[in-house]
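One letter stands for each residue in the lines below.
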Amino acid sequence: MAKDIEVGGQGEFHPKDYHDPPPAPLIDAEEFTQWSFYRAIIAEFIATLLFLYITVLTVIGYKSQTDPKNGDDGCGGVGILGIAWAFGGMIFILVYCTAGISGGHINPAVTFGLFLARKVSLVRAILYMAAQCLGAICGCGLVKAFQKSYYTRYGGGANELADGYSTGTGLGAEIIGTFVLVYTVFSATDPKRNARDSHVPVLAPLPIGFAVFMVHLATIPVTGTGINPARSFGAAVIYNKDKAWDDQWIFWVGPFIGAAIAAVYYQFVLRASAVKALGSFRSSSNI
């Protein structure tokens, strides 16, 4: 494989054709003075609201269509495949729409992973998560307002551990599912790939949406698929039943662990950021 090279002003060759952005500061007070910061928070709120509105409506619609009490034979509706497409498709659409404004997180686990990788500041991460959770609550609230007769009857789209599965199995499903998602986010937004292939930034929402789709296919029967603490929290707040609250911790602990593992794996194993930082330190020390 040929080495990546960059032509300098004097005909010099450098070992790479991109520059990693500097790590985000832990606390950046200047963000509070920028309209773009507040615009990004609003974008995360609206995107998560729309995400929950469409996806929870899809879940409730499917359960209504396949309810034997409504005379259905159980083979109607969009099925698990359709539900997975609804979640993956909405993520694809919303990441595409908001990537240039807020980064298109729409998920506290994604925000947490990017924070650990020093892609966003602590202040931005906290406010993003708050906006995402609030947006999820409002999105589920709209579903209940428009489908009040069906909302509680069909579970409100709330995530719960399915019967027959242990807590460990549910937690593991959430960890692995979120790892797949956050790993895909890091890969699709890697500045090295963006520098090499101009089409990567445009196509980034597509693999992220497909990751959500595939994870839903695998884990809907186990936990209903969380991999997004805001999605699980918003549905639990509006549905407000004991089972949803009893299992709620799974949908926070699992995604945060999965996101942390993905951040460490991508940044310090695949990208070897720690080794590069140590090498740069040694080089500067020898000058």
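As the structure is a prediction and not an experimental result, all values here were calculated from the model.

Peer 1: I would appreciate a short explanation of the overall build of the protein in the present structure.
Peer 2: Looking only at helices and strands, the protein features 13 helices and two strands. Within the protein, the fraction of its 287 residues that count as buried is 44%. Taking the contacts inside the protein whose residues are at least 6 apart along the sequence as the reference set, 77% of them involve residues at least 24 apart. Surface summary for the protein: the accessible area is close to 14,400 Å², and the carbon and sulfur share equals 65%.

Peer 1: Even after reading the chapter, I still don't get the layout of surface pockets, so can you show me in this structure?
Peer 2: Using a probe with the size of a water molecule, rolled over the atoms, empty space left in the structure can be pinpointed. By volume, the second largest pocket amounts to about 470 Å³. When residues of the lining of the second largest pocket are traced back to their parent elements, those giving at least two are α1 (35-65), α2 (79-98), α9 (205-223) and α10 (229-239). In terms of residue class, the lining of the second largest pocket is made up of twelve nonpolar, five polar and five charged.

Peer 1: For this particular structure, what's the right way to read the side chain of D190?
Peer 2: You can see D190 is positioned in the loop between α6 (167-188) and α7 (191-196). Filtering out sequence-adjacent residues up to four positions away, D190 remains in contact with Y266 and R271.

Peer 1: Even after reading the chapter, I still don't get the pattern of salt bridges, so can you show me in this structure?
Peer 2: Side chains that differ in charge, positive against negative, can pair when their charged atoms come close. Applying the stated rule across the entire model yields two salt bridges. Two residues, E31 and R124, come together in a salt bridge whose shortest N-O distance is 2.9 Å. You can see E31 sitting in the loop between β2 (13-14) and α1 and its partner R124 sitting in helix α4 (residues 122-146), a full 93 residues away along the chain. Across the salt bridge formed by D247 and K243, the nearest N and O atoms sit 3.0 Å from each other. Judged by relative accessible area, which is 9%, D247 ranks as buried.

Peer 1: Would you explain the packing of α2 against α9 in this entry?
Peer 2: Viewed as axis vectors pointing N to C, α2 and α9 meet at an angle of 155 degrees, and their least axial separation amounts to 8 Å. When the axes of α2 and α9 are compared, the pair comes out roughly antiparallel. The handedness of the crossing between α2 and α9 is right-handed. Mapping the contact onto sequence places I80, L81, I83, A84, W85, F87, G88, I91, F92, V95 and Y96 in α2 and P205, L206, I208, G209, F210, V212, F213, H216, L217 and I220 in α9. Class assignment for the residues of the contact of α2 with α9 results in 18 nonpolar, three polar and no charged.

Peer 1: Looking at this structure, how should I read the packing of α4 against α10?
Peer 2: Packed helices, taken two at a time, are described by the angle between their axes plus the distance between the axes. In contact at an axis separation of 8 Å, α4 and α10 are set at 45 degrees when each is read in the N-to-C sense. Considering their axes alone, α4 and α10 lie oblique with respect to each other. Crossing angle aside, the handedness with which α4 passes α10 is right-handed. From α4, Q132, C133, A136, I137, C140, G141 and K144 reach across to α10, where they touch A230, R231, F233, G234, A235, V237 and I238.

Peer 1: Just checking my understanding: could you explain the nonpolar core for this structure?
Peer 2: Within the largest apolar cluster, 49 residues are counted, with the highest numbers of intra-cluster contacts made by F51, V56, C140, Y151, L181, F186 and I208. When residues of this core are traced back to their parent elements, those giving at least two are α1, α2, α3 (108-116), α4, α6, α9, α10 and α12 (250-270). Residues within four places of C140 in sequence aside, it is in contact with L52, V56, Y151, G234, A235 and I238. By size, the runner-up hydrophobic cluster in this structure holds six residues, among which are F37, A40, I41 and A131.

The rules we used
- Every residue gets a number counted from 1 within its own chain, in the order that chain's sequence is written.
- This being a predicted model, a pLDDT of at least 70 is required before a residue's local features are given, and a value of 80 or more before pairs of side-chain atoms are given or counted; all residues contribute to the totals for chains, interfaces and linings.
- Excluded from the side-chain calculations are hydrogens and water; all other atoms, namely the structure's heavy atoms, are used.
- Segments assigned H or I by DSSP are reported as helices when at least four residues long, segments assigned E as strands when at least two residues long, and all are numbered from the N terminus.
- The rule is simple: take the accessible area with a 1.4 Å probe, protein chains only, and divide by the maximum for that residue type; under 20% is buried, over 50% is exposed, in between is partly exposed.
- Residue contacts are counted whenever heavy atoms from the two residues lie within 4.5 Å of one another.
- Per-residue and other accessible areas follow the Shrake-Rupley method at a 1.4 Å probe size, with only the shown protein chains counted as cover for residues.
- A cavity here means a set of 1 Å grid points, computed over protein atoms only, where a 1.4 Å probe fits but cannot escape. A pocket is an open set with protein on both sides within 12 Å along at least 5 of 7 lines, and lining residues have an atom within 4 Å of a point.
- Grid points are joined across faces, edges and corners, and a volume is the space filled by probe spheres set on the points.
- Classification used: nonpolar for Ala, Val, Leu, Ile, Met, Phe, Trp, Tyr, Cys and Pro, charged for Asp, Glu, Lys and Arg, polar for all others including Gly.
- What counts as a salt bridge is simple: a side-chain nitrogen of Lys or Arg found within 4 Å of a carboxyl oxygen of Asp or Glu.
- For helices, the fitted line uses only the C-alpha atoms of the stretch in contact; every axis is such a line through C-alpha atoms, and the angle between N-to-C directions lies from 0 to 180 degrees.
- Roughly parallel here means an angle under 35 degrees, roughly antiparallel means over 145, roughly perpendicular means 65 to 115, and every remaining angle is called oblique.
- Put simply, a crossing is left-handed when the front helix is turned counterclockwise from the back one by less than a right angle, and right-handed when it is turned clockwise.
- Within this scheme, the nonpolar core is defined by two criteria: the residues are buried Ala, Val, Leu, Ile, Met, Phe, Trp, Tyr or Cys, and they are joined through side-chain atoms within 4.5 Å.

Any link to function would need more than the numbers given here.
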